[in-house]
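Per-entry structural report
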Amino acid sequence: AEIAGMDLTEPFGNDVFSELHDAFMEHLVLFFRGQTITPAQHVAFARRFGEIDPNPFVRPLELETLPDQPEVLNIVKDASDLSINFGGLWHHDVSHRERPNLGSVLVAREVPKAGGDTLWANQYLAYETLSDGLKAVLDGLDTVHTNRAWAPREAYGAHRSIKLYEDEIGRAHV
């Protein structure tokens, strides 16, 4: 859902947050265009939704953080940077955890005219629109989630770990 007319640099009360939270739970992604929030405001907004993960799945890559806001990962790439295709694969953040995070709060400061897209997919809707026959096939299956395959061993070095979480297909995480 696109939230229009809201200035995230201004404080807002619990009643407004409740509406935002309800919209997030219904639509699973919210867009606030044209915002000029500071890193501190970014973190404060994210904290309204819950505790911020101190160890996001990208932490072993040692991405630059902001000195006063270590919760904010500063992802900067230019056209000549071929070192890491950050987020370039279809993925679900931290699905290998027993209780994955509720979500991420992203701020795009500068984006290319083409490419570099971040896309979202509603997996609840994907499941709901399957035929009853395919749902019956999937409902009895388990899946294994791991953080092993996405990053090369060199990216993690000694920090590389293999975390597994097995669950039923179709689990809820919110």
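This text gives an overview of the structure that appears in the document.

**Let's talk about the overall build of the protein chain**
Broken down by element type, the protein chain carries five helices and four strands. In sequence order, the protein chain lays out its α and β elements as α-α-β-β-α-α-β-α-β. When burial is assessed residue by residue, the protein chain has 20% of its 174 residues classed as buried. For the protein chain, restricting intrachain contacts to residue pairs at least 6 apart in sequence, the fraction spanning at least 24 positions comes to 61%. Roughly 12,900 Å² of accessible area belongs to the protein chain as shown, and the carbon and sulfur atoms make up 53% of that amount.

**Remarks on the nonpolar core**
One finds Ile3, Met6, Leu8, Phe12, Phe17, Leu20, Ala23, Phe24, Leu30, Phe32, Ile37 and Phe45 forming the largest nonpolar core, which totals 12 residues. At four residues, the largest contribution of residues to this core is made by helix 1 (residues 14-27). Here Phe17 is in contact with Phe12, Arg48 and Phe49, once residues within four sequence places are set aside.

**Quick word on the pairing of strand 2 (residues 69-73)**
In this structure, strand 1 (residues 65-66) lies alongside strand 2, joined through two bridges in antiparallel fashion. Note on strand 2: the bridge partner recorded for Leu66 is Gln69. Two successive antiparallel strands, strand 1 and strand 2, enclose a turn made up of two residues.

**Quick word on the side chain of Gln35**
With respect to the element layout, Gln35 can be found in the loop between helix 1 and helix 2 (39-48). Aside from chain neighbours lying at most four places away, what touches Gln35 is Met6, Asp7, Leu8 and Thr9.

**Description of a negative patch on the surface**
A cluster of acidic side chains, namely Asp15, Glu19, Asp22 and Glu26, defines a negative patch on the protein surface. Mapped onto the elements, Asp15 comes out in helix 1.

**Things to note about helix 2**
Residues His42, Val43, Phe45 and Ala46 constitute the buried set of helix 2. Seen end-on, helix 2 carries its buried residues on one side only, within an arc spanning 160 degrees.

**A few points about the packing of aromatic side chains**
To describe a pair of aromatic rings, you give the distance between the ring centres and the angle between the ring planes. This structure, assessed with the given rule, holds six aromatic pairs. With a centroid separation of 4.9 Å and an interplanar angle of 70 degrees, the aromatic rings of Phe17 and Phe49 are classed as edge-to-face. Linking Phe17 in helix 1 with Phe49 in the loop between helix 2 and strand 1, this pair joins segments that are 32 residues apart in sequence. Between Phe32 and Phe45, the ring centres sit 5.5 Å apart and the planes meet at 80 degrees, which makes this aromatic pair edge-to-face. Here the residue Phe32 occupies a position in the loop between helix 1 and helix 2, and Phe45 occupies one in helix 2, the gap between them amounting to 13 residues. With a relative accessible area of 16%, Phe32 lands in the buried category. Cluster of aromatic residues (ring-pair linked, three or more members): Phe12, Phe17, Phe24, Phe32, Phe45 and Phe49.

Cut-offs used in this document
- Residues numbered from 1 in each chain as written.
- Predicted model: local features only at pLDDT ≥ 70, side-chain atom pairs only at ≥ 80, totals over all residues.
- Heavy atoms only, no water.
- Helix = DSSP H or I, 4+ residues; strand = E, 2+ residues; numbered from the N terminus.
- Buried < 20%, exposed > 50% of the residue type's maximum accessible area, 1.4 Å probe, protein only.
- Contact = heavy atoms within 4.5 Å.
- Areas by Shrake-Rupley, 256 points an atom, 1.4 Å probe, with all protein chains shown as cover.
- Core = buried A, V, L, I, M, F, W, Y, C linked by side-chain atoms within 4.5 Å.
- Pairing = 2+ DSSP bridges.
- Patch = residues over 30% accessible without salt bridge, like charges linked within 9 Å, V, L, I, M, F, W, Y side chains within 5 Å.
- Salt bridge = Lys/Arg side-chain N within 4 Å of Asp/Glu carboxyl O.
- Lys, Arg positive; Asp, Glu negative; His and termini not counted.
- Charge placed at Lys NZ, Arg CZ, Asp CG, Glu CD.
- Arc of directions from axis to C-beta.
- Phe/Tyr/Trp six-rings, centres within 6.5 Å; stacked < 30°, edge-to-face > 60°.

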